[in-house]
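Breakdown of the fold
If you want the building blocks of each chain, they are given just below.
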Amino acid sequence: NTSKPGCGTKKRPLAAAGQCNYWLKRKQRYCKWDVKADGELFCSNHAKEHKEDGKRVPCPLDPNHSVFESRLYRHLKVCNKVKIKNKQ
């Protein structure tokens, strides 16, 4: 999908092995972050924009991180904020 940032229509070689393939248009270079696992194309920061697992939404308990909308119910049971509140 070319409407997403980093998915331009210009043909460019892929980034170096183990490097994020997200194209930073303003800087005219690839993201310098490393990918998490072999076979992944994007770092954890840019992978959420290219996943097909659904929409990511901010965690209602801690908006500093996000989760897939389809996994939100399950996430609320294991979120670190819940564990911290339960200890107090």
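Summary of the structure given here. Bear in mind the structure is a predicted one, so any value in this text is a computation, not a measurement.

Glancing now at the nonpolar core. Among the nonpolar cores identified, the biggest contains 6 residues, and these are Cys20, Tyr22, Cys31, Phe42, Cys43 and Ala47. Once residues lying within four places of it in the same chain are set aside, the contact partners of cysteine 20 are Ala15, Tyr30, Cys31, Trp33, Val35, Leu41, Phe42, Cys43 and His46.

A few words on the packing of aromatic side chains. Within the structure shown, the criterion is met by 1 aromatic pair. Summarising the aromatic geometry, the rings of tryptophan 23 and tyrosine 30 are spaced 5.0 Å apart at their centres and angled 80° between planes, so their arrangement reads as edge-to-face. Per residue, the accessibility class of tryptophan 23 equals that of tyrosine 30, and both read buried. A cation over a ring is seen here: arginine 56 above phenylalanine 68, with NZ or CZ 4.6 Å from the ring centre.

Right, let's talk about the side chain of histidine 46 for a bit. Residue placement: histidine 46 occurs in helix H1 (residues 44–50). For histidine 46, a relative accessible area of 8% translates into the label buried. Setting aside residues up to four positions removed in sequence, histidine 46 forms contacts with Cys20, Tyr22 and Cys31.

Looking now at the environment of glutamine 19. In this structure, glutamine 19 sits in the segment before strand E1 (23–24). Residues glutamine 19 and cysteine 31 lie 12 residues apart in sequence; the distance between their C-alpha atoms is 7.4 Å. Residues in contact with glutamine 19, not counting those within four places in the same chain, are Tyr30, Cys31, Lys32, Trp33, Val35 and Leu41.

As for its placement among the helices and strands, asparagine 21 is situated in the segment before E1. According to the relative accessible area criterion, asparagine 21 is buried, its value standing at 12%.

For the rest of this paragraph, the subject is the environment of asparagine 21. Along the sequence, asparagine 21 and cysteine 43 sit 22 residues apart, while their C-alpha atoms lie 8.0 Å from each other. Residues in contact with asparagine 21, not counting those within four places in the same chain, are Leu14, Ala15, Tyr30, Leu41 and Phe42.

What counts, and where the lines are drawn
- Residues numbered from 1 in each chain as written.
- Predicted model: local features only at pLDDT ≥ 70, side-chain atom pairs only at ≥ 80, totals over all residues.
- Heavy atoms only, no water.
- Core = buried A, V, L, I, M, F, W, Y, C linked by side-chain atoms within 4.5 Å.
- Buried < 20%, exposed > 50% of the residue type's maximum accessible area, 1.4 Å probe, protein only.
- Contact = heavy atoms within 4.5 Å.
- Phe/Tyr/Trp six-rings, centres within 6.5 Å; stacked < 30°, edge-to-face > 60°.
- Lys NZ or Arg CZ within 6 Å of the ring centre and 35° of its normal.
- Helix = DSSP H or I, 4+ residues; strand = E, 2+ residues; numbered from the N terminus.

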